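# Geometric and topological summary
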Amino acid sequence: MNHRICELLNIEYPILQGGMAWVATAELAAAVANGGGAGLIAAGNAPAEYVREQIQKAREMTDKTFGVNVMMMSPYVEDVMKMLLEERVSLITTGAGNPGKYIPALKEVGTIVIPVIPSVALAQKMQKSGADAVVAEGCEAGGHIGELTTMTLTPMVKDGVDIPVIAAGGIADRRGVRAAFALGADGVQVGTRFICSDECIVHQNYKDMVVAAKDRDAVVTGRSTGHPVRTLKNKATKLMDKLEAEGNLEEFEKLGLGALRAAVVDGDTQMGSVMAGQSAGLVHDIKPCADIIRELFV
Ligand code: TUI
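We now turn to the structure provided with this report. (Residues numbered from 1 in each chain as written. Predicted model: local features only at pLDDT ≥ 70, side-chain atom pairs only at ≥ 80, totals over all residues. Heavy atoms only, no water.)

## Description of the sheet that holds strand E11 (residues 229-232)
- Spatially, E7-E11-E10 is the arrangement adopted by the three strands of the open sheet, whose pairing is antiparallel. Either end of the sheet is taken by a strand with one partner, and the two such strands are strand E7 (143-144) and strand E10 (218-221).
- Summarising the sheet, E7 and E11 pair through two bridges and their orientation is antiparallel. The residue of E11 that forms the bridge with His 144 is Val 229.
- Packed onto the sheet, helix H11 (residues 235-246) meets E10 and E11 and runs at close to 30° relative to E10. (Pairing = 2+ DSSP bridges. Helix = DSSP H or I, 4+ residues; strand = E, 2+ residues; numbered from the N terminus. Contact = heavy atoms within 4.5 Å. Axes fitted to C-alpha atoms, helices over the stretch in contact; angles between N-to-C directions.)

Quick look at the structure:
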């Protein structure tokens with residue numbers, strides 16, 4: 001097995017779980033950790049105290065490696081980072097922004113920092129700032145995405161930095177894992193596959209929609225806004241396409257507010273935001289995280 005990432009994180013398999021807002025709770029993070037990977041609690045847009053409770057909950061569910069994914073666009077990012085310094089979590093990953101200014105303090109308390117990045121330039125910036133590794137996330141991924149594919153981004157980032165590189169975006173089975181290693185990756189980050197786990201708390205409608213998804217169902221909205229987001233195609237994405245084409249960005253933004261919660265918590269898969277990557281088309285069943293991880297590496 002790939003020792004660089006396993007040693008760094010004290011895990012059995014070189015796999016991180018994606019930090020999916022609303023989806024990646026203590027239950028999922030602990031299940032992935034107990035299955036031999038690195039679990040992540042997503043802070044998303046949640047207040048620091050909610051995230052602290054999730055950390056405490058996960059600590060009761062596992063003694064293995066888990067961490068917190070920090071969404072850098074969150075209005076609570078300062079508070080969340082401060083709380084993470086107090087809690088001394090073993091690992092943080094970040095998304096949707098540059099965590100550079102927080103890295104020295106996190107290193108000081110022994111936290112491993114692994115930013116998720118969509119470009120070589122940002123990977124190099126993160127290396128300079130003291131990141132322990134980077135996740136190179138291709139646009140096959142779900143949620144907020146960059147421009148480049150995993151196929152091209154992974155080897156370019158690998159050539160551009162000396163720290164370990166974890167590939168993400170489009171990986172949901174052992175073929176994807178092997179491809180990532182062939183591209184030079186030291187590990188993988190997997191999100192969508194873990195949505196369809198027994199332990200994931202998303203509404204059953206959400207899991208069913210991912211299982212039913214076919215090759216072209218994971219679409220991107222919001223390219224013209226500068227914040228493209230990949231979700232499963234539904235009534236909301238069709239309406240968003242129409243508003244975007246009309247240039248009605250005010251109504252477009254309104255549709256997004258609360259839509260992720262509506263899908264995850266209420267199971268509204270028609271007007272909600274069902275974030276998922278292209279690999280949804282590769283997910284055909286719901287099973288325990290430990291089984292998912294084992295199947296990725298056998
Ligand atoms: O962050 C993600 N995926 C996400 S975050 C999220 S919550 C959200 N929802 C709607 C709009 C915005 C956020 C849902 N999915 N993946 C990692 C990722 N990070 N992809 C792209 C980036 C990224 C982008 C810009 C990382 C750094 C960055 O830096 C810009 C700069 O220089 O500050």
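## Quick look at helix H2 (residues 26-34)
- Within H2, eight of the nine residues are buried, leaving the element largely enclosed by the surrounding structure.
- Those residues of H2 that fall on the buried side of the exposure criterion are Ala 26, Glu 27, Leu 28, Ala 29, Ala 30, Ala 31, Val 32 and Ala 33.
- Lining the buried residues of H2 we find strand E1 (15-17), strand E2 (39-42), helix H3 (48-61), strand E3 (66-71), helix H9 (192-195) and helix H14 (289-297).
- Downstream of H2 by one or two residues, Gly 36 has phi in the positive range, about 105°. (Buried < 20%, exposed > 50% of the residue type's maximum accessible area, 1.4 Å probe, protein only.)

## Considerations on the layout of surface pockets
- Of the voids in this model, the second largest pocket is the one considered here, and its volume is about 210 Å³.
- Lining the second largest pocket are 13 residues, with Ala 172, Asp 173, Arg 193, Leu 282 and Glu 295 sitting closest to its centre.
- Broken down by secondary-structure element, the contributors of at least two residues to the lining of the second largest pocket are helix H8 (174-182) and H14.
- Considering each element in turn, the lining of the second largest pocket owes the most residues, three residues, to H14.
- Along the lines of polarity and charge, the residues of the lining of the second largest pocket split into five nonpolar, one polar and seven charged. (1 Å grid on protein atoms, 1.4 Å probe; cavity = no way out; pocket = protein on both sides within 12 Å on 5 of 7 lines; lining within 4 Å. Points joined across faces, edges and corners; volume = space filled by probe spheres on them. Nonpolar A, V, L, I, M, F, W, Y, C, P; charged D, E, K, R; others polar.)

## What about the pattern of salt bridges?
- One pass over the structure, following the stated rule, counts 17 salt bridges.
- One salt bridge connects Glu 78 with Lys 101, and the closest N-O pair in it is separated by 3.2 Å. In this pair, Glu 78 sits in helix H4 (residues 77-87) while Lys 101 sits in the loop between strand E4 (91-95) and helix H5 (103-108), placing the two residues 23 residues apart along the sequence.
- For Lys 101, a relative accessible area of 63% gives the class exposed.
- The salt bridge partner of Lys 287 is Asp 285, with a shortest N-O separation of 3.3 Å.
- In this structure, a network of salt bridges that share partners links the residues Glu 49, Arg 52, Arg 59, Glu 86 and Glu 87. (Salt bridge = Lys/Arg side-chain N within 4 Å of Asp/Glu carboxyl O.)

## As for the nonpolar core
- Ile 15, Phe 194, Tyr 206, Val 210 and Leu 232 are the most contacted members of the largest nonpolar core, which totals 40 residues.
- Put simply, the parts of the chain that give this core at least two residues each are H2, H8, strand E9 (187-190), H9, helix H10 (204-212), helix H13 (259-264) and H14.
- With five residues, H14 is the single largest residue contributor to this core.
- Discounting chain neighbours no more than four positions away, the residues touching Tyr 206 are Ile 195, Leu 260, Ala 263, Val 264, Thr 269, Ser 273, Val 274 and Met 275.
- Met 83, Val 89, Ile 103 and Val 157 belong to the second largest nonpolar core, which has 36 residues in total. (Core = buried A, V, L, I, M, F, W, Y, C linked by side-chain atoms within 4.5 Å.)

## So, the pairing of E2
- Along E2, one buried face is formed by Gly 39 and Ile 41 and the opposite face, lined by Leu 40 and Ala 42, is buried too.
- Pairing geometry for E2 and E3, over four bridges, is parallel. Bridge assignment links Leu 40 to a residue of E3, and that residue is Gly 67.
- A crossover links E2 with its parallel partner E3, the connecting element being H3, and its sense is right-handed. (Right-handed = clockwise from strand over helix to strand, strands pointing away.)

## Description of unusual backbone geometry
- Positive phi outside glycine occurs at Arg 88, with the angle close to 50°.
- Along the chain, Arg 88 falls in the loop between H4 and E4.
- On the basis of relative accessible area, Arg 88 is assigned to the exposed category, the value being 53%.
- Positive phi is not limited to glycine here, since Ala 96 has a value of about 60°.
- Relative to the assigned elements, Ala 96 resides in the loop between E4 and H5.

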